[in-house]
Amino acid sequence: MIKEYKIDGMTCMGCVAHVKEALESIDGVKSADVSLEENSAKVESENINLNQLKQALGDGKYAINASEPVDHLEETPLPEKTLTTYKPLILIVSFIAGVSVLAQYPFGDFSGGLWMRHFMAGFFIVFAFFKLLNLEGFANSYIMYDLLAAKWKGWGYIYPFVELLLGALYLINFEPFYTNIATIIILGFSSLGVIKSNLDKRQIKCACLGDVFNLPMSTVTIVEDLGMVGMAMIMIL
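Here the residue index of a chain counts from 1 through its sequence in written order. Owing to the predicted nature of the model, reporting of local features is limited to residues with pLDDT of at least 70; listing and counting of side-chain atom pairs is limited to 80 or more, with chain, interface and lining totals taken over all residues. Each side-chain value is worked out from all heavy atoms of the structure, with water and hydrogens disregarded.

J.: Looking at this model, I keep getting lost on the packing of aromatic side chains. Mind explaining?
T.: Here is the rule: rings of Phe, Tyr and Trp (six-membered ring for Trp) pair when centre to centre is within 6.5 Å. Planes less than 30 degrees apart are stacked, more than 60 are edge-to-face, and the remainder are tilted. With the rule as written, the count across this model stands at 15 aromatic pairs. Relative to tyrosine 170, the ring of phenylalanine 124 lies with its centre 6.0 Å away and its plane at 15°, an arrangement referred to as stacked. Taken together, the residues span a long stretch of sequence, with phenylalanine 124 in helix 4 (residues 112–133) and tyrosine 170 in helix 7 (residues 154–172) at a distance of 46 residues. With relative accessibility at 3%, the residue tyrosine 170 sits in the buried group. These aromatic residues form a ring-pair network of at least three members: Trp115, Phe119, Phe123, Phe124, Phe127 and Tyr170. Segments assigned H or I by DSSP are reported as helices when at least four residues long, segments assigned E as strands when at least two residues long, and all are numbered from the N terminus. Each residue is assigned to one of three classes by its accessible area relative to the maximum for its type, calculated with a 1.4 Å probe on protein chains only: buried under 20%, partly exposed between the two thresholds, exposed over 50%.

What follows is the structure, encoded as structure tokens:
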């Protein structure tokens, strides 16, 4: 379980390091991401209560606000990782792929490159749509595994608009070289957090379709991100 708590008393990065070390010293705490900007700490633990966290920080400069646990980011149990669980994701990707094929009807001079451009445009626009249905819900899920969003929550609010912009750029074929470079950088970096979460075998929610579907993080998300990176690289060559 991951919970976010309000922290009082932090004034510098040294404070952040001290609080992080104190919280992670507790048996049962897997990790603690401490933010000076938001005066908060996201604590991943197993059956740890607030009193244990308070004891770890002591009675000195730092304290957890006992009356304000901020966000409970893993309230809904995650389903098993089966083909049925990922049916919504599979259907959406299949529909985008199919429409990208039909866009070249009557297929007299079918172009694989054009299909990839249409697919990437549809992918970014549709996935941005689902994220924007509940922007705050997406941001709360995204900070669970994205390396940048974990440090700066604002990135979770910006990311869907970045996807939407990339989709529009692919759709109108605007500066394709730079658009593909941007895709490689953004999704390549995003995949690092996904890969790390899978390697750590963390049971967390995948935010690829926003907060609409309750999908567990798995290698499916890695394939999704790296697949788009791979297509962007092919389109550059």
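J.: So what exactly am I meant to see when it comes to helix 1 (residues 13–24) here?
T.: Think of an α-helix as turning once every 3.6 residues; residues three or four places apart then point the same way. One less than the residue count of a helix, multiplied by 1.5 Å, gives the span that helix is expected to have. Compared with the 16 Å implied by 1.5 Å per residue over 12 residues, the 16 Å span of helix 1 between its first and last C-alpha is a close match. Among all positions of helix 1, only Cys15, Val16, Val19, Ala22 and Leu23 are buried. Down the axis of helix 1, the buried set is contained in an arc of 135°. They therefore lie on one face. Seen from the open side of helix 1, the exposed residues pointing more than 90 degrees away from its buried face are Met13 and Glu21. Arc definition: it is the arc formed by the directions from the helix axis to the C-beta atoms.

J.: Help me understand the confidence of the model for the chain, please; the structure alone is not making it clear to me.
T.: Regions with low pLDDT should not have their predicted coordinates read in detail. Averaged over every residue, the pLDDT of the chain is 88; residues scoring 70 or more account for 94%. Contacts of residues 66–75 to residues separated by more than four positions or lying in other chains number 26 contacts, the stretch itself having pLDDT below 50. pLDDT is a residue-level measure of predictor confidence that goes from 0 to 100. Throughout, a contact is declared for two residues whenever any of their heavy atoms are within 4.5 Å.

J.: Hey, could you run me through the nonpolar core in this one?
T.: Nine residue types can take part in a nonpolar core, namely buried Ala, Val, Leu, Ile, Met, Phe, Trp, Tyr and Cys, and a core is a set of them joined through side-chain atoms within 4.5 Å. Counting 38 residues, the largest nonpolar core has Phe127, Tyr142, Tyr145, Leu209 and Met228 as its most contacted members. When contributions to this core are tallied by element, the ones reaching two or more residues are helix 3 (87–102), helix 4, helix 5 (135–142), helix 7, helix 8 (176–199) and helix 9 (219–236). For this core, the element with the highest residue contribution is helix 4, accounting for 8 residues. Once residues within four sequence positions are removed from consideration, phenylalanine 127 is found in contact with Leu89, Ile92, Val93, Ile96, Glu163, Cys208, Leu209 and Glu224. Counting residues in hydrophobic clusters, the runner-up holds 20 residues, among them Ala41, Val43, Leu53 and Tyr62.

J.: What is the right way to look at the pattern of salt bridges in this model?
T.: Where charged atoms of side chains with opposite charge meet at close range, the side chains can pair. A pair is scored as a salt bridge if a Lys or Arg side-chain nitrogen falls within 4 Å of a carboxyl oxygen belonging to Asp or Glu. According to the stated counting rule, one finds 4 salt bridges in the structure shown. Between lysine 20 and glutamate 24 there is a salt bridge, and its shortest N-O distance comes to 2.9 Å. Of this pair, lysine 20 and glutamate 24 both sit in helix 1, 4 residues apart, roughly one helical turn. On the basis of relative accessibility, which here comes to 30%, the residue lysine 20 falls in the partly exposed class. Across the pair glutamate 163 and lysine 131 runs a salt bridge whose closest N-O atoms are separated by 3.1 Å. Pair noted here: glutamate 163 is in helix 7 and lysine 131 is in helix 4, with a separation of 32 residues, a long-range link. As far as burial versus exposure is concerned, glutamate 163 and lysine 131 are alike and both buried.

J.: Explanation requested: the layout of surface pockets in the structure shown.
T.: Any empty space left between the atoms is revealed when a probe the size of a water molecule rolls over them. Note on definitions: the grid is 1 Å and covers protein atoms alone; a cavity is a set of points where a 1.4 Å probe fits but cannot get out; a pocket is an open set with protein on both sides within 12 Å along at least five of seven lines; lining residues have an atom within 4 Å of a point. Grid points are joined across faces, edges and corners, and a volume is the space filled by probe spheres set on the points. If you add up the space inside the largest pocket, you get close to 350 Å³. What lines the largest pocket is a set of 19 residues, among which Ser31, Asp33, Met144, Lys196 and Arg202 lie closest to the centre. Elements represented by at least two residues in the lining of the largest pocket include exactly strand 2 (29–35), strand 3 (40–45), helix 6 (147–151) and helix 8. We call Asp, Glu, Lys and Arg charged. Ala, Val, Leu, Ile, Met, Phe, Trp, Tyr, Cys and Pro are nonpolar, and the rest, Gly among them, are polar. When its residues are assigned to classes, the lining of the largest pocket shows 7 nonpolar, 3 polar and 9 charged.

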